[in-house]
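What follows is each chain in one-letter form.
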Amino acid sequence: MEMLVVFVLILVVAGFLGAVTLRRRGSLQIEQPSVVPSTAEATPDTAAPVLRASLKERLGKTRLSLATYLRNISGRGIDESVYEELEEMLLLSDVGLPTTTKLLGAVRGKIAATQGATGEDAVAMLRAEIEDLLLVGVDRSLKTRDGAMSVWLFVGVNGVGKTTTIGKLAARHTTDGQTVMLAAADTFRAAASEQLTKWAHKTGAEIVKADEGADPSAVVFDAMASAASKGIDLLLVDTAGRLHTKHNLMSELEKLRRIIDRNPGALQEVLLVIDATTGQNGLEQAKQFAETAEVTGIILTKLDGTAKGGIVLAIQAELGLAVKAVGIGETVTDLIDFEPHEFVSAIFDSED
Amino acid sequence: MFDSLSGRLDGIFAKLRGRGRLSERDVEEVAREIRQALLEADVNVKVARSFIERVKSRAIGTDIREALNPAQQIIKIVHEELVSALGGETGKLAVSSKPPTVILLAGLQGSGKTTQAAKLAKLLKSQGRHPLLVGADLQRLAAVEQLRVLANRIDVPFFSEGADPVAVSRAALDEAARLGRNYVIVDTAGRLQIDDTLMAELKAVREAVQSHNTLLVIDAMTGQESVNVAVAFDEAIGIDGVILTKIDGDARGGAALSVKEVLGKPILYAGTGEKLDEFEVFHPDRMAGRILGMGDVMSLIEKAEQTFDQDQKDRAEQIMRDGEFTLEDFLGQLRSVKKMGPLQNVIGMMPGIPKEMKNADIDERELGRVEAIICSMTAEERLKPALINGSRRSRIAAGSGTTTVAVNNLLKQFGAMQQMMKQMGVMGKVMQKKAKKGSKKGSRVTPKGTKPIAGKPNFGGLGRPGDFGDLSGLGDFGDLLGPK
């Protein structure tokens, strides 16, 4: 019973209001800041457009060329600006400040131990650090069972590409001669099951679906039964996109998991789908989904853009969750295995 | 996971206490913290840099001696700069003098274009306009069906006939004329900004419909890429405004600042949920608070002001001061808070509440039960709970349809709350004294209205009461709201 929590929260809300009212009335006789300039005079309206234009110009030139950073650095000796530029490069790849700081800290340590190190050395060391981070004893294979049904559950926030990813995986496995079934447990988004049905037709997979608004656990239940009786090799379960902050939707996921677990050992993968353009929120997504759905791996989608998906570095560093596949386009074959070397190259060797 | 900026700056300024103006070096240190906060919020590195330059130029030489709290003063500057950066020209849809007004939605895959198209149609419809929804996303499987279903749901006509997006969009204009619709909303396929073929196609669609509002739909969770996306789409089709989606999550939404800075075009709307009415006009001030990790205090206060009446506010003030608190007061608060909407949402807007508590499963019916229990007490009992003996307990339980155990629990928890309030009252008095002294000396005073919650009282099993520490920013944040 979380009643006391609720009480306290009510109290906090009420108390907060009291405090604000109090403050507004000046009952506490607090001196008001006299030096704070008003918003009107402070806004540098005249300066802003100029700044904007130049910023845009600069971004226009460098937006595809992280490589220019590296070229700059490589020709130089080591000074603080080298670290600053490496930091900026990592940040621009969405690696995030904590992981960036950690990586650069390691590079600093190595540089200090190396006589006459150059910018080139720093780049190479950073590269090695990232590869080490990505390579630490993780298994990137997508698991299946021999001779028994395997279930993969797909989870993630809205719009990351769960349904499309499932379509691609269905194609891959039907081509390999396996029997595949899709469970359209996204009963929330309009036409989600139509989308999955089209994928089923395209790939020759079976599909279990229900009307919009139906109970997703019923869909999963039916799919489990149907897949078992038809001797399906691989059941791919699509779920509705949900923000990890929506508690009730997250518990729904837990329930889906429990239903699948009634067939012990069947659930081989719980895959969190993450969009490569996702920023620092990706880490929080991974944390929450990992906690609720016991995620076994990440699928990084939309990596065909210029986004680097650097947040997966933070996710692996903090949660030990590894990327198992990468989406690079909208067609059936656009799903590839994750190659750490390739990924690091994508960060370091951007073309102009 | 995120430390709020106020917490960090408090740390820096603790070291500076007693000094006068901020030196350039102090400002550098402050700037680093601000940068960190912006980066955590996914503001683009370069955008953050130019933004900080502006803040710095304002902060250097700021007189912190007279400021009641230097950290808050800096935050105020940052906040103001953010608001002005996010706001600027007010966002309004351009209306064509010759109907229909065409709205074209473009963006990356999965940013929420189809859903926003329907939401926008619903909004326009509620304003007495006559929108037509056009499904020109022929790329993603079932995208057209998705929009058709949504259009049906909000009872807005839908059109998607033609061999390619350009043909569909062109024919849609004729259809709008035929049906006498004065707004046409065109949903396009998601595309990567580097996909030249698809960008060319989008350009062709834009040419064909001559849209009056070309809107970029961007996900609040977007990272550094937001800038590239905005620039590329702007170059291709000329963006007039932005819709920021999925702000109901816990992403800080720094992408909003990045996009606004590089485009210089207004953010018109924000998508706040999956349902079709979860769509609102964009509030720069709220977004600014969010980027800084301050919670949505503005919305909260707005809501509170609407629901709490003057008597209650007076009473709340008195409670804060004296620490005296009765069941009657609690009942009043309970009812008002209930009126503010689902408790979970209210809590979501509060800054500094620990995640565990935000995620706590709150059964709203439980609130009803508590209300029933208090209502079953006599006026005297509500003022003096000590009166409630065994037989009274049974009577109250019977009257409220609960059990004596429930009544006991309520009384026990109320006792704990009273204890807390007392402590707050004590602190309140101390604060008052300090404030008076402070005003004479002009030294740094931190009149943290809600701070007492942070320290002392034991929340018994609530997890980490220390997390309430962040609420300290709240009291001071009240200043931002401008006590007039």
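Every value quoted in this text rests on a predicted model; they were computed, and no experiment measured them.

J.: Tell me what's going on with the overall build of chain B, and back it up with residues and numbers.
T.: The helix and strand tally for chain B stands at 22 helices and 8 strands. Carbon and sulfur atoms make up 49% of the accessible area of chain B, which amounts to about 18800 Å² in all.

J.: Go over the overall build of chain A with me, naming the residues and quoting the values.
T.: For chain A, the count of helices and strands is 14 helices and 8 strands. Look at the contacts in chain A between residues 6 or more apart in sequence, and 75% of them connect residues 24 or more apart. For chain A, the exposed area adds up to about 13600 Å²; of that, 52% sits on carbon and sulfur atoms.

J.: With reference to specific residues and values, describe the domain arrangement of chain A.
T.: Interface extent is often summarised as the accessible area lost during association of the parts. All names here are of chain A. Along its sequence, chain A is carved into domain 1 (66–135) and domain 2 (150–336). Taking the mean C-alpha position of each, domain 1 and domain 2 sit 35 Å from one another. Counting from both sides, the interface comprises 10 residues of domain 1 and, opposite them, 13 residues of domain 2. Carbon and sulfur atoms supply 59% of the area buried between domain 1 and domain 2, which totals about 970 Å² over both sides. Per-residue buried area on domain 1 facing domain 2 is highest for Asp94, Leu133 and Leu134; these three make up 46% of the total on that side.

J.: I'd like a rundown of the packing of helix α11 (residues 247–261) of chain A against helix α12 (residues 281–293) of chain A, residues and numbers included.
T.: Residue and element names in this part refer to chain A. One can describe the packing of α11 onto α12 by two numbers: an axis separation of 9 Å at closest approach and a directional angle of 40°. Put simply, α11 runs oblique to α12. For the crossing formed where α11 meets α12, the hand is right-handed. Two secondary-structure elements touch here, α11 through Met250, Leu253, Glu254 and Arg257 and α12 through Gln288, Phe289, Thr292 and Ala293. Among the residues making up the contact of α11 with α12, the classes are represented as 4 nonpolar, 2 polar and 2 charged.

J.: An account of the pattern of salt bridges is requested, with residue identities and associated values reported.
T.: If charged atoms from side chains of opposite charge come close, those side chains can pair. With the rule as written, the count across this model stands at 29 salt bridges over all chains. Between Arg242 of chain A and Glu252 of chain A there is a salt bridge; the shortest N-O distance is 3.0 Å. A residue pair is termed long-range when its members are at least 10 positions apart, and Arg242 of chain A in the loop between β4 (234–239) and α11 and Glu252 of chain A in helix α11 qualify at 10 residues. Looking at Arg242 of chain A, the relative accessible area reads 1%, which means it is buried. On the basis of relative accessibility, which here comes to 25%, the residue Glu252 of chain A falls in the partly exposed class. Where Arg252 of chain B meets Glu40 of chain B, a salt bridge forms, and the shortest distance between an N and an O atom there is 3.9 Å. Here Glu40 of chain B lies in helix α2 (residues 24–40) and Arg252 of chain B lies in the loop between β6 (241–245) and α10 (255–263), a separation of 212 residues in the sequence. Given the relative accessible area of 14%, Glu40 of chain B is considered buried. One network of salt bridges, in which partners are shared, links Arg257, Asp261 and Glu294 of chain A.

J.: Can you break down α11 of chain A residue by residue, with the values?
T.: All names here are of chain A. Between the first and last C-alpha of α11 there are 21 Å, a value that for 15 residues agrees with the 21 Å anticipated at 1.5 Å per step. Buried within α11 we find Met250, Leu253, Leu256, Arg257, Ile259 and Ile260. Taken down its axis, α11 places every buried residue within 165° of arc, on the same side. Residues Asn248 and Arg258 are exposed on α11 and point more than 90 degrees away from its buried face.

J.: Describe the nonpolar core, and please don't skip the residues or the numbers.
T.: Residue and element names in this part refer to chain A. Judged by nonpolar contacts, the single largest core of 92 residues is most densely connected at Leu126, Leu235 and Leu236. Per-element accounting of this core gives the leading share, 7 residues, to helix α7 (residues 119–135). Among the domains, domain 1 (66–135) and domain 2 (150–336) are the pair contributing at least three residues each to this core. Those residues within four positions of Leu235 in sequence are excluded, and the remaining contacts are Met149, Ser150, Val151, Trp152, Met181, Leu182, Ala183, Ala223, Met224 and Ala227.

J.: Lay out the packing of aromatic side chains with the relevant residues and their values.
T.: A complete count under the given rule lists 2 aromatic pairs over all chains for this structure. For the pair Tyr269 of chain B and Phe279 of chain B, a centre-to-centre distance of 4.9 Å together with 25° between the ring planes defines the contact as stacked. A residue pair is termed long-range when its members are at least 10 positions apart, and Tyr269 of chain B in strand β7 (residues 267–271) and Phe279 of chain B in strand β8 (residues 279–281) qualify at 10 residues. Here the basic side chain of Arg108 of chain A rests over the ring of Tyr83 of chain A, its NZ or CZ set 4.0 Å away from the ring centre. Above the face of the Trp199 of chain A ring, Lys202 of chain A is positioned so that its terminal group lies 4.9 Å from the ring centre.

J.: Residue-level account of the confidence of the model for chain A, with values.
T.: Looking at chain A, pLDDT values average 82 and 78% of them are 70 or higher. Long-range and interchain partners of residues 21–65 of chain A, a stretch whose pLDDT sits below 50, account for 87 contacts in this model, where long-range means more than four residues apart.

J.: Tell me about the environment of Lys143 of chain A, residues and numbers included.
T.: Residues and elements named next belong to chain A. Note on placement: Lys143 falls in the loop between α7 and β1 (150–155). In the structure, Lys143 is positioned 54 residues away from Met89 in sequence and 35 Å away in space, judged by C-alpha atoms. The contact partners of Lys143, leaving out residues within four places of it in the chain, are Trp152, Gln268, Glu269 and Lys324. Only 3.1 Å separates the side chain of Lys143 from the side chain of Ser141, close enough to count as a polar contact.

J.: Before we move on, could you go through the pairing of strand β2 (residues 180–185) of chain A and cite the residues and values that matter?
T.: For a regular strand, side chains alternate in direction, first toward one face of the sheet and then toward the other. All names here are of chain A. Of all 6 residues in β2, 6 are buried, a share of seventy percent or more. Side chains Val180, Leu182 and Ala184 of β2 all project onto a buried face; the interleaved residues Met181, Ala183 and Ala185 project onto the opposite face, where all are buried too. Alignment of β2 against β4, held across 6 bridges, turns out to be parallel. In the strand pairing of β4, Met181 is matched with Leu235. With 3 bridges connecting them, β2 and strand β3 (residues 206–208) associate as parallel partners. Residue Leu182 lies in a different strand from β3, and its bridge partner there is Ile207. Traced from β2 through helix α9 (residues 192–203) to β3, the parallel crossover comes out right-handed.

J.: So what about the packing of helix α10 (residues 216–230) of chain A against α11 of chain A? Which residues, and what values?
T.: The axes of two packed helices give the description: the angle between them and the distance between them. All names here are of chain A. Two numbers describe how α10 lies on α11: the axes approach to 9 Å, and their chain directions differ by 15°. The angle between α10 and α11 falls in the class roughly parallel. α11 is crossed by α10, and the crossing has right-handed handedness. Of the residues in α11, those touching α10 at Pro216, Ser217, Val220, Phe221 and Met224 are Glu252, Lys255, Leu256, Ile259 and Ile260. Looking at the contact of α10 with α11 residue by residue, the class counts come to 7 nonpolar, 1 polar and 2 charged.

J.: Which residues make up unusual backbone geometry, and what values do they have?
T.: Of the consecutive residues Pro99 of chain B and Pro100 of chain B, the connecting peptide bond is found in the cis state with omega at 5°. Summarising the element assignment, Pro100 of chain B is placed in the loop between α4 (70–86) and β1 (101–106). Even without glycine at this site, Glu294 of chain A takes up a positive phi of about 50°. Secondary-structure assignment places Glu294 of chain A in the loop between α12 and β6 (297–301). Of note, Asp42 of chain B is a non-glycine position whose phi angle comes to about 75°, a positive value. Along the chain, Asp42 of chain B turns up in the loop between α2 and α3 (45–59).

How each quantity is defined
All residue numbers refer to positions counted from 1 along the written sequence of the respective chain. All chains are assigned letters beginning at A, and all ligands numbers beginning at 1, according to the order in which they are written. Totals for whole chains, interfaces and linings use all residues, but because this is a predicted model, local features are given only for residues with pLDDT of at least 70 and pairs of side-chain atoms are given and counted only at 80 or more. Calculation of side-chain values draws on the structure's entire complement of heavy atoms; hydrogens and water are dropped beforehand. Strands are runs of DSSP state E lasting at least 2 residues, helices are runs of H or I lasting at least 4, and numbering of each runs from the N terminus. Throughout, the Shrake-Rupley method with a 1.4 Å probe supplies accessible areas, and for residues the shown protein chains are the sole cover considered. By definition, residues are in contact when any of their heavy atoms lie within 4.5 Å. As used throughout, domain bounds are those supplied by an automatic or database domain assignment. Joining two parts hides part of their accessible area as seen by a 1.4 Å probe, and the buried area is that hidden amount summed over both. Lines are fitted to the C-alpha atoms to define the axes, a helix being fitted only along its stretch in contact, and any angle between axes, read from their N-to-C directions, falls within 0 to 180 degrees. To sort the angles, those under 35 degrees are grouped as roughly parallel, those over 145 as roughly antiparallel, those from 65 to 115 as roughly perpendicular, and the leftovers as oblique. With the far helix as reference, a near helix turned anticlockwise by less than a right angle produces a left-handed crossing, and one turned clockwise produces a right-handed crossing. When residue character is reported, Ala, Val, Leu, Ile, Met, Phe, Trp, Tyr, Cys and Pro are called nonpolar, Asp, Glu, Lys and Arg charged, and the others, Gly included, polar. When a carboxyl oxygen of Asp or Glu lies within 4 Å of a side-chain nitrogen of Lys or Arg, that pair is called a salt bridge. The buried label goes to any residue with under 20% of its type's maximum accessible area, the exposed label to any with over 50%, and the partly exposed label to all in between, with areas taken from a 1.4 Å probe on protein chains only. Expected span, for any helix, means 1.5 Å times one less than how many residues it has. An arc is given here, and it is the one of the directions from the helix axis to the C-beta atoms. Side-chain atoms within 4.5 Å are what join buried Ala, Val, Leu, Ile, Met, Phe, Trp, Tyr and Cys residues into a set we call a nonpolar core. Stacked, tilted and edge-to-face pairs are distinguished by plane angle, under 30 degrees for stacked and over 60 for edge-to-face with tilted covering the rest, among Phe, Tyr and Trp rings (Trp via its six-membered ring) whose centres lie within 6.5 Å. To sit over a ring, a charge needs its Lys NZ or Arg CZ within 6 Å of the ring centre and within 35 degrees of the ring normal. A residue's pLDDT is simply how confident the predictor is in it, with values from 0 to 100. In the analysis that follows, any N or O atom pair within 3.5 Å is treated as a polar contact, provided that within protein one partner can donate a hydrogen and the other can accept it, and provided that, for residues neighboring in sequence, both atoms belong to side chains. By this definition, two strands are paired if DSSP reports at least two bridges between them. Orient the strands so they point away from the viewer, and a crossover whose first-strand-to-second-strand path over the helix runs clockwise is right-handed.

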